[in-house]
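Now for the letters of each chain:
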Amino acid sequence: MQVPNFSLNGKIALLTGASRGIGEAIATAFAQQGAHCVLTSRKIEGLKEAAARIAALGCSVEVRACHGGNLQEIDDLVEDIGKRFGRIDILVNNAATNPYAGPLLGATEAAWDKTFDVNVKGVFFLTQKVVPFMPRGGSIINIASIEGERPGLDRAIYSMTKAAVISMTKAFSKELASCGIRANAILPGLVATQMSRSLMQDSAAYQEAVQLIPLRRPAQPEEISGTALYLASSASSFTTGAMIVVDGGVLA
Ligand SMILES: NC(=O)c1ccc[n+]([C@@H]2O[C@H](COP(=O)([O-])OP(=O)(O)OC[C@H]3O[C@@H](n4cnc5c(N)ncnc54)[C@H](OP(=O)(O)O)[C@@H]3O)[C@@H](O)[C@H]2O)c1
């Protein structure tokens, strides 16, 4: 019997939103398992800092700025990476935005468009562009949220985009199964990153949020990366269309 293999030796991984937080943690785990990681986000300075931290571990990494809601930039990114390496083995759709906090009744069209452009449209078209470069055994990992299952109060537009990511992941998993490509999503609960900073810094809101988490704390970004490594590697070769909840027990 074969022992599960978590190695990513020789794999090319493209990760969005990888300049900090969950994306950087996943890139670090992949690079430490032997993948060459292409980190993307909007701002090149943050990307270079993350790449320096990963390279300091003796790992292989490069950076490329790309706005997740800009289809031309997405095309250029995939064209460059796909042609240069000839393949993209792993895609992590991690970048997301949440520009509007407030009631649905006060939401503007601009907030709707920005949230859906980055969190849904960009994820869809990046995936569509990458798949032709993905060999059999390829893995698509979408970072959704438990709020895609249970909308957050005052974060409902963001939550709706995450519900769309969950549905999109299942749809891609069915369509791509015959090509030997798997698509799965991770649904994190509260994770201590810049995205959750305003909540973490508001002590009353933080206490309230933590009371809803059976483990009574937020996750650190590294606690999401193990699940991503599983999904990227051949250890998960029979896992596709799965929604893996990593939330300290909230949805239990
Ligand atoms: N933190 C949580 O509690 C939590 C919970 C559930 C799910 N998630 C999900 O986890 C993923 C990562 O979030 P995080 O908490 O790690 O957030 P984060 O620390 O704020 O990092 C967000 C990353 O996305 C990039 N980004 C933001 N807007 C972008 C855009 N328009 N185009 C391209 N890149 C963009 C940022 O870099 P630039 O600024 O350089 O673009 C950064 O690298 C997201 O999908 C989020 O929805 C987070």
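Criteria and cut-off values
- Residues numbered from 1 in each chain as written.
- Predicted model: local features only at pLDDT ≥ 70, side-chain atom pairs only at ≥ 80, totals over all residues.
- Helix = DSSP H or I, 4+ residues; strand = E, 2+ residues; numbered from the N terminus.
- Buried ≥ 20, exposed ≤ 12 C-beta atoms within 10 Å, placed from the backbone.
- Pairing = 2+ DSSP bridges.
- Right-handed = clockwise from strand over helix to strand, strands pointing away.
- Near = placed C-beta within 6 Å.
- Nonpolar A, V, L, I, M, F, W, Y, C, P; charged D, E, K, R; others polar.
- Core = buried A, V, L, I, M, F, W, Y, C linked by C-beta atoms within 7 Å.
- Contact = placed C-beta atoms within 7 Å.
- Axes fitted to C-alpha atoms, helices over the stretch in contact; angles between N-to-C directions.

## Thoughts on the environment of A50
At step 1: Relative to the helices and strands, A50 resides in helix α2 (residues 44-55).
At step 2: Under the C-beta neighbour-count criterion, A50 is labelled buried, with 25 such atoms within 10 Å.
At step 3: Distance from A50 to Q211, taken between C-alpha atoms, is 32 Å for residues 161 residues apart in sequence.

## Let's talk about the pairing of strand β2 (residues 36-41)
At step 1: With five of six residues buried, β2 is to be regarded as a mostly interior element.
At step 2: Summarising the sheet, strand β1 (residues 12-16) and β2 pair through five bridges and their orientation is parallel. For T16, the partnering residue across the bridge sits in β2 and is T40.
At step 3: When β2 meets strand β3 (residues 61-65), the two strands line up parallel, connected through five bridges. Counted as the bridge partner of S41 is A65 from β3.
At step 4: Between β2 and its parallel partner β3, the chain crosses via α2, and the hand of that crossover is right-handed.

## Focus on the pairing of strand β6 (residues 182-188)
At step 1: Of all seven residues making up β6, seven are buried, and the element is well covered by its neighbours.
At step 2: On β6, burial covers both faces: R182, N184, I186 and P188 on one face and A183, A185 and L187 on the other are all buried.
At step 3: Handedness of the crossover joining strand β5 (residues 139-143) and β6 through helix α5 (residues 156-176): right-handed.
At step 4: Sheet analysis places β6 next to strand β7 (residues 243-246), joined by four bridges and oriented parallel. Along β7, the bridge assignment pairs L187 with V245.

## Comments concerning the site of the ligand
At step 1: Neighbouring residues of the ligand: 29 residues in total, closest G17, G21, S41, G68 and A96.
At step 2: In terms of residue count, the dominant contributor to the shell around the ligand is helix α1 (residues 21-32) (three residues).
At step 3: The class makeup of the residues in the shell around the ligand is 10 nonpolar, 16 polar and three charged.

## Details of the nonpolar core
At step 1: Within the largest apolar cluster, 59 residues are counted, with the highest numbers of intra-cluster contacts made by A13, I26, F30, C37, L39 and A228.
At step 2: If you tally residues by element for this core, the top one is α1, at seven residues.
At step 3: Apart from the residues within four sequence positions on either side, F30 is in contact with L8, A13, A35, C37, I90, L229 and A232.

## Considerations on the sheet that holds β6
At step 1: If you walk across this open sheet you meet the seven strands as β3-β2-β1-β4-β5-β6-β7, and the pairing is parallel. A strand with exactly one partner marks an edge of an open sheet, and here the two such strands are β3 and β7. Averaged over neighbouring strand pairs, the angle between their axes works out to 20 degrees when direction is ignored.
At step 2: Two strands pair when backbone bridges link them, and β5 and β6 are joined in this way by five bridges, in the parallel orientation. Bridge pairing in β6 links I140 to A183.
At step 3: Its contacts with the sheet put α5 on β5, β6 and β7, and the angle it makes with β6 is roughly 160 degrees.

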